[in-house]
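# Structural overview
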Amino acid sequence: MARNFRSPTDESQPVQLLLIGLSLTFMALFLVLPLWAVFTEALKEGLGVYIASLQTPDAQSAIRLTLLVAAIAVPLNVVFGVCASWAIAKFEFKGKAFLITLIDLPFSVSPVISGLVYVLLFGAGSVLGPWLKSFGIEVLFAVPGIVLATIFVTFPFVARELIPLMQDQGTGDEEAALSLGANGWQTFWRVTLPNIKWGLLYGVLLCNARAMGEFGAVAVVSGKIRGQTTTMPLQVEMLYNEYNGAAAFALASLLALLALVTLVLKSVLEWRFGDELAASGGRH
Amino acid sequence: MDVRIAKVRKEFDRFPALHDVSLDIHSGELIALLGPSGSGKTTLLRLIAGLEMPTDGRIFFGDIDASEKTVQERNIGFVFQHYALFRHMTILENVSFGLKVRPRSSRPPAGEIRRRAMELLDLVQLSGLEKRYPNQLSGGQRQRVALARALAIEPGVLLLDEPFGALDAQVRRELRKWLREIHDRTGHTTVFVTHDQEEALELADRLCVMSQGKIEQVGTPDAVYDTPSSPFVFGFIGESSELPVTIGSNELLLDGRSVGLPASSGTSGPARLFFRPHDVELTDDDAALAGEVTASRRVGGTRRVEIEIGNNGQKVEIDLPFDHPAGQRSRISFRPRRWRLFDVKPQA
């Protein structure tokens, strides 16, 4: 009896193999192969050329700018994401559904349009652009514009990660903390934040990966001034268009490496704190 | 500490949850707010705690008007139905939390905090589990941690919201007895919310029975059980059977026939007769409640018999000893030993 028994939800061996095989083939074709291509292309002319092409002033400038933009956009989006998800999960107010929809907007709008919005807002023909220029503040085709576009494109990541988590957790723990005499600040740091820390961290990783990798919106507002307003993805494209394959792929491999590091970090976190993650997933 | 609730009204988005409720809670007593869901009992508890603000009315802690005070200023201990333990903290950290968040001026030294937390864990019989996390404890243990955590801040009033609601029957009974013992030892003024009348009757010094945002009756378990002040209380507390009767010149009539129960003089006309199924006596008298047995089932040590009485086929239940010969009969005559009469509902 037992040897022939199969759980009703288990598929037969061939079906299992087919499904696993299909997923693996798909992954290999669409994920591993391109990644492998990036790295082989980058190292095609040897490690020396690879390192040299990363050390050119333009490449260095692009790397610095990308890091700077991420360093500004990610913390801002963390603050915004925590505020928004706190408001949505813990209070009842008019326009809540509207706010949730708004948060999703950057996901549903093409990045090119996100960029164009800022051109309209701060361009030469706008009201804001010339006014700010009179104070010597350049937004478009300068670092502020790139930062703004990046914030716009990446702001759903943290909020999206936290809203369901905080809604699920409700306000019970906060009420308990307050009834024990904690003030709002203590409640946030000692109770709310620890409850959401894994979701928050995950949101930050995704947000960071996108902030560094964003192309469309940034391309529109940056003006692509070499050595000044080109981020890594823009620099990659420019180098590629100039038939400078080795340099383009060297920089691209750095971006790909970032994706891999993100993935590894996430896996390490899940492995290291798996129990705690599971414990904080739902109400105990 | 005495707690006085004076004409408190609470509306949620104009929907009234409490109508002008007044209640005096005596220092050191264990009082139960009892009622079906939607009766406003939890709202009243949260108003006392300061987790909600009243739309109107005042709440006094002793002589001090606490109505405008925040939950932190009221110094209450609150135990939640789903415990609300901090899952990322150990049991010891949970219990110490209330002392650790105090401002520096009133915070005891770390050693003292630890000593007091351990003492409380000892009180709730959880010594040895202080390094565990909440998800490593059973439901009953978690609720005991929640109580220890609430007691740690030396609250003036202890408030419990359906404290045993999420536990299974066996654990509930144990914790009930245990809570009574803790109360007798610590003497905190304690208010607890429950929809379980058995729990309220067994545990509380006084009951406050609520229905539809109003207080129906406040009194000792004996008083509420033996002399319910309204049909709702009679029906909600304990088992009850109801019959529509008419008050005659000096006795009660059912379908024009005497049922052998005297009526107090004064009123006359239709009324509702309430009695307890176990508080009846069988009789051969003609003047009695008599009817056909329609169902009979064994309930623990007794037999519950359903009897159809009167021309309208009113059904009532009475209890007989399980081996009583009358349990086999198809027709039974009985009289309630104790009963109460209420006016017919205005709309009925």
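- In the nomenclature of an unreviewed UniProt entry, chain B corresponds to Sulfate ABC transporter ATP-binding protein from the organism Devosia limi DSM 17137.
- If you open the UniProt record of chain B and go to Sequence similarities (unreviewed entry), you find "Belongs to the ABC transporter superfamily."

- In the nomenclature of an unreviewed UniProt entry, chain A is known as Sulfate transport system permease protein CysW of Devosia limi DSM 17137.
- Check the Function (unreviewed entry) section of the UniProt entry for chain A; it says "Part of the ABC transporter complex CysAWTP (TC 3.A.1.6.1) involved in sulfate/thiosulfate import. Probably responsible for the translocation of the substrate across the membrane."

## Digging into the packing of aromatic side chains
- The full count for this structure, using the stated rule, is 17 aromatic pairs over all chains.
- Between W131(A) and F135(A), the aromatic rings sit 5.1 Å apart at their centres with planes inclined by 80 degrees, giving edge-to-face as the arrangement.
- F135(A) sits in the exposed class, given a relative accessible area of 56%.
- Centre to centre, the rings of F188(A) and W189(A) are 5.4 Å apart; their planes meet at 80 degrees, and the pair counts as edge-to-face.
- F188(A) sits in the buried class, given a relative accessible area of 17%.
- One aromatic cluster in this structure is built from F80(A), Y118(A), F122(A), F152(A) and F155(A).
- Lying across the ring of W86(A), K90(A) places its NZ or CZ 5.8 Å from the centre.
- The aromatic ring of F86(B) is capped on one face by R149(B), whose charged end is 4.6 Å from the ring centroid.

## Points about the interface of chain A and chain B
- The partner chain B presents 24 residues to the 22 residues of chain A that form the contact.
- Roughly 2100 Å² is buried in total at the junction of chain A and chain B, and carbon and sulfur atoms are behind 58% of that figure.
- Inspection of the region where chain A meets chain B yields two salt bridges.
- When the shortest N-O distance is used, the salt bridge between E175(A) and R46(B) registers 2.5 Å.
- Our count for the chain A to chain B interface comes out at seven residue pairs in polar contact (both at pLDDT 80 or more).
- Of all the elements in the fold, those that place two or more residues in the side of chain A that touches chain B are helix 9 (172-179), helix 10 (184-213) and helix 14 (274-281) of chain A.
- With seven residues, the single largest contributor to the side of chain A that touches chain B is helix 9 of chain A.
- Its residues assigned to classes, the side of chain A that touches chain B comprises eight nonpolar, 10 polar and four charged.

Scoring rules and cut-offs
Residues numbered from 1 in each chain as written. Chains lettered and ligands numbered in written order. Predicted model: local features only at pLDDT ≥ 70, side-chain atom pairs only at ≥ 80, totals over all residues. Heavy atoms only, no water. UniProt positions renumbered as here; feature names shortened; annotations may be inferred. Phe/Tyr/Trp six-rings, centres within 6.5 Å; stacked < 30°, edge-to-face > 60°. Buried < 20%, exposed > 50% of the residue type's maximum accessible area, 1.4 Å probe, protein only. Lys NZ or Arg CZ within 6 Å of the ring centre and 35° of its normal. Contact = heavy atoms within 4.5 Å. Buried area = accessible area lost by both parts, 1.4 Å probe. Salt bridge = Lys/Arg side-chain N within 4 Å of Asp/Glu carboxyl O. Polar contact = N/O pair within 3.5 Å; in protein donor to acceptor, adjacent residues only side chain to side chain. Helix = DSSP H or I, 4+ residues; strand = E, 2+ residues; numbered from the N terminus. Nonpolar A, V, L, I, M, F, W, Y, C, P; charged D, E, K, R; others polar.

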